[in-house]
Amino acid sequence: DGQHWLRRPTILKLQFLYFIVKVRKEKKKPITKMVHIVKKKVNKFKRHHSDRHCRVGESWRRPKGIDSVVRRKWRGQIKMANIGYGNAKSTRNVHPDGLKHFNINCEKDLELLLMRNTTHAAVIGSAVGKKTRAAIVNRAKELDIKVVNGAAKLRVEEDSQ
């Protein structure tokens, strides 16, 4: 059995369990500062032979042929997408402002962010009109929710005389 050292009550075991509890408590803290997001792979995975034929699109498809050199992972071929290329869970879907973005289309949608205003920010949809947008921005100020694009489409035009 690989975990026999956990059965014995030792100082090492207590330190290990304290570390786990400490890490779990730290994970629940909201991310509020600027976040440096480290991505394992920045460019997209391209489909095999998408550069050779116009009929083959660039969006990734897993190669399934019996003789496929990409599926067999030969040297010098393109890399296949797999779970190891995933980004860190703590910074996944987090924007550089330190918040996760949530789309808002009406004033009522802001109530979903009421308890998550430290971890999420509102993004008003592009199809939302001027009146609804102004109402959303005012309601967000009351609820202390950050609106990323709050100033968009609300600019006052200057009268030329």
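Scroll up a little and you will see the structure.
The paragraphs below set out a description of the structure included in this document. In this text, all values refer to a predicted model and were calculated from it rather than measured experimentally.

**Let's talk about the overall build of the protein chain**
A tally of regular secondary structure across the protein chain gives 2 helices and 2 strands. Going from the N terminus to the C terminus, the protein chain shows its helices and strands as α-β-β-α. Counting all 161 residues of the protein chain, 19% fall into the buried class. When contacts within the protein chain are restricted to residue pairs at least 6 apart in sequence, long-range pairs at least 24 apart make up 45% of them. Accessible surface, the protein chain: about 13,600 Å² in total, of which carbon and sulfur atoms supply 53%.

**A few points about unusual backbone geometry**
The phi torsion at histidine 49 lies on the positive side, around 70°, for a residue other than glycine. With respect to the helices and strands, histidine 49 occurs in the loop between helix H1 (11–27) and strand S1 (100–104). Its identity as a non-glycine residue notwithstanding, lysine 73 has a phi of 60°, on the positive side. Topologically, lysine 73 is positioned in the loop between H1 and S1. Take lysine 73: its relative accessible area is 63%, and that puts it in the exposed class.

**Considering the nonpolar core**
In terms of nonpolar packing, the biggest core is built from 12 residues, these being Ile104, Leu110, Leu113, Ala122, Ile124, Val128, Ile136, Val137, Ala140, Leu143, Ile145 and Val147. Mapped onto this core, the elements with two or more residues apiece are strand S2 (120–124) and helix H2 (130–143). The leading source of residues in this core is H2, at 4 residues. Ignoring anything within four residues of it in the chain, the contact list for leucine 110 reads Ile104, Ala122, Ile136, Arg139, Ala140, Leu143 and Ile145.

**So, a positive patch on the surface**
A contiguous patch of positive charge on the surface is contributed by Lys40, Lys89, Arg92, Lys100 and Arg116. Structurally, lysine 100 can be placed in strand S1.

Criteria and cut-off values
- Residues numbered from 1 in each chain as written.
- Predicted model: local features only at pLDDT ≥ 70, side-chain atom pairs only at ≥ 80, totals over all residues.
- Heavy atoms only, no water.
- Helix = DSSP H or I, 4+ residues; strand = E, 2+ residues; numbered from the N terminus.
- Buried < 20%, exposed > 50% of the residue type's maximum accessible area, 1.4 Å probe, protein only.
- Contact = heavy atoms within 4.5 Å.
- Areas by Shrake-Rupley, 256 points an atom, 1.4 Å probe, with all protein chains shown as cover.
- Core = buried A, V, L, I, M, F, W, Y, C linked by side-chain atoms within 4.5 Å.
- Patch = residues over 30% accessible without salt bridge, like charges linked within 9 Å, V, L, I, M, F, W, Y side chains within 5 Å.
- Salt bridge = Lys/Arg side-chain N within 4 Å of Asp/Glu carboxyl O.
- Lys, Arg positive; Asp, Glu negative; His and termini not counted.
- Charge placed at Lys NZ, Arg CZ, Asp CG, Glu CD.

These results come straight from atomic positions and should not be treated as a statement about function.
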